[in-house]
Amino acid sequence: MTTTDRMPAPDDEPLDPRLARLARELPRDIAPPADLWPAVRGRLAPRRRQWWREPWLQVAAALVAVAAITLAVTRHGGETPAPVAAAGATALDSVPGVEALAPETAAALRRNLAIIDSALAESRRVLAADPGNPDVETMLRLVERQRLELLRQVGRLPRS
Amino acid sequence: MPPDSLPRDPDAFGDVYRAHAGRVYALCLRLSGDPARADELTQDVFVRAWEKLDTFRGESQFGTWLHRLAVNVVLTDRRSSWRRDRHVTAVEDPAALERPRDLPLVDAMDLERAIAALPPGARTVFVLHDVEGYRHDEIAEMGGIAVGTSKAQLFRARRLLREMLER
């Protein structure tokens, strides 16, 4: 702690030197006469996980945004991200006409949806371990809704 | 201790307790002047720290953050107990509160006892200013008092302690 290193405020009259000496000799720590930890521990409620600290939810939110940008770019005829190896099967394959999408667009969407699905699976696992956590439930519903909306928009994309 | 390394598990919070209990207890004891109350206040400080842990952003050292929180817990308790007791406490001889006890000051232990014997307001400001190093404006903010009141209480505390020294 740093507070003990401070000097008295300059507008104070100086502290009596004998008092100052005794004050400096006061011990910084005094052990409590009894161990208070058991009583403290008994009063500590379990800490709720906070969704904004969860990296997997941040990833999910970021990827929903990235996927939405990919869609927007595609719809306006811009360049899509470079093709990458597609991740495993995703819900994208169930969208009618998806096979007619530009291969680059389909690859980017498939990759992003796979990561979103992975993040959603992780969120469900956390919720199973901490049932009823309102923050996680809210974020889970939000990402699921955004994912569905993304798939709906894929269905409306122009086909090549 | 960066915020990310703070324990998220109540059992792990025991390490934080063990690292800081002596410092927090010393503060609570000096501010309250009462060992039994200091026990309760120390517990309250760590429970409050656990509840507020997410508000620690690492802008200061964790110990400094905890110390400030401890001061706030004690002063909040002081204000509520003062409001609770003001209607039931009758002092037959108010001047007795101003008379320093017969406690000649020779060493730090004597000073501990003399601090405990000070009137609450004077004790609080003396401990925070002359022992812990807070400035008057900080004490005024934490205690909800005017800066002038803080200075007056410090003057009063030092006068009472000097009288004890001069015996």
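Q: Can you walk me through the nonpolar core in this structure?
A: Formed by 60 residues in total, the largest nonpolar core has its most connected members in F13 and F126 of chain B. Looking at this core, you find at least three residues from each of domain 1 (1–80) and domain 2 (83–167) of chain B. Ignoring any residue separated from it by four or fewer positions in sequence, one finds F126 of chain B in contact with L15 of chain A together with I115, L118, V131, L154, A157, R158 and L161 of chain B.

Q: Honestly, the packing of aromatic side chains in this entry has me stumped. Any pointers?
A: The geometry of an aromatic ring pair comes down to the distance between the two centres and the angle between the two planes. The final tally for this structure, using the stated rule, is 7 aromatic pairs over all chains. An angle of 65° between the planes, with centres 4.9 Å apart, marks the rings of Y17 of chain B and F46 of chain B as edge-to-face. With Y17 of chain B in helix α1 (residues 13–32) and F46 of chain B in helix α2 (residues 35–52), the pair connects residues that are 29 residues apart, well separated along the chain. Each member of the pair, Y17 of chain B together with F46 of chain B, is buried. Three or more aromatic residues link up through ring pairs in this structure, and these residues are W37 of chain A together with F13, Y17, F46 and W50 of chain B.

Q: Just checking my understanding: could you explain the interface of chain B and chain A for this structure?
A: A common measure of how large an interface is: the accessible area buried when the components associate. Across the boundary between the two partners, chain B contributes 56 residues, which contact 40 residues of chain A. Summing the contributions of chain B and of chain A, the shared interface buries around 4,400 Å²; its carbon and sulfur component is 58%. Per-residue buried area on chain B facing chain A is highest for Y17, R23 and R158 of chain B; these three make up 15% of the total on that side. Between chain B and chain A we count 2 salt bridges in total.

Q: What exactly am I supposed to notice about the packing of helix α4 (residues 103–129) of chain A against helix α5 (residues 134–155) of chain A here?
A: When two helices pack together, you describe them by how their axes are tilted relative to each other and by the distance separating the axes. All names here are of chain A. Here α4 crosses α5 at 155°, and the two axes come no closer than 10 Å. One way to sum up the angle between α4 and α5 is to call them roughly antiparallel. Relative to α5, α4 is oriented so that their crossing is left-handed. Residues L109, L113, I116, D117, L120, S123, R124, V126 and L127 of α4 pack against V136, E137, L140, V143, E144, R147, L150, L151 and V154 of α5. Here the contact of α4 with α5 is built from residues that sort into 12 nonpolar, 1 polar and 5 charged.

Q: I tried to follow the confidence of the model for chain B on my own but got confused; where do I start?
A: Atomic detail in the predicted coordinates should be set aside for any region of low pLDDT. Residues and elements named next belong to chain B. This prediction gives chain B a mean pLDDT of 85; 83% of its residues lie at or above 70. The spread of mean pLDDT over the elements of chain B runs between helix α3 (residues 62–85), the lowest at 85, and α1, the highest at 96. pLDDT under 50 marks residues 87–94. Its contacts with residues more than four places away, or in other chains, come to 2 contacts. Confidence metrics for the complex model read pTM 0.62 and ipTM 0.83.

How each quantity is defined
- Residues numbered from 1 in each chain as written.
- Chains lettered and ligands numbered in written order.
- Predicted model: local features only at pLDDT ≥ 70, side-chain atom pairs only at ≥ 80, totals over all residues.
- Heavy atoms only, no water.
- Core = buried A, V, L, I, M, F, W, Y, C linked by side-chain atoms within 4.5 Å.
- Buried < 20%, exposed > 50% of the residue type's maximum accessible area, 1.4 Å probe, protein only.
- Domains from an automatic or database assignment.
- Contact = heavy atoms within 4.5 Å.
- Phe/Tyr/Trp six-rings, centres within 6.5 Å; stacked < 30°, edge-to-face > 60°.
- Helix = DSSP H or I, 4+ residues; strand = E, 2+ residues; numbered from the N terminus.
- Buried area = accessible area lost by both parts, 1.4 Å probe.
- Salt bridge = Lys/Arg side-chain N within 4 Å of Asp/Glu carboxyl O.
- Axes fitted to C-alpha atoms, helices over the stretch in contact; angles between N-to-C directions.
- Parallel < 35°, antiparallel > 145°, perpendicular 65-115°, else oblique.
- Left-handed = near helix turned anticlockwise from the far one by under 90°.
- Nonpolar A, V, L, I, M, F, W, Y, C, P; charged D, E, K, R; others polar.
- pLDDT = per-residue confidence, 0-100.

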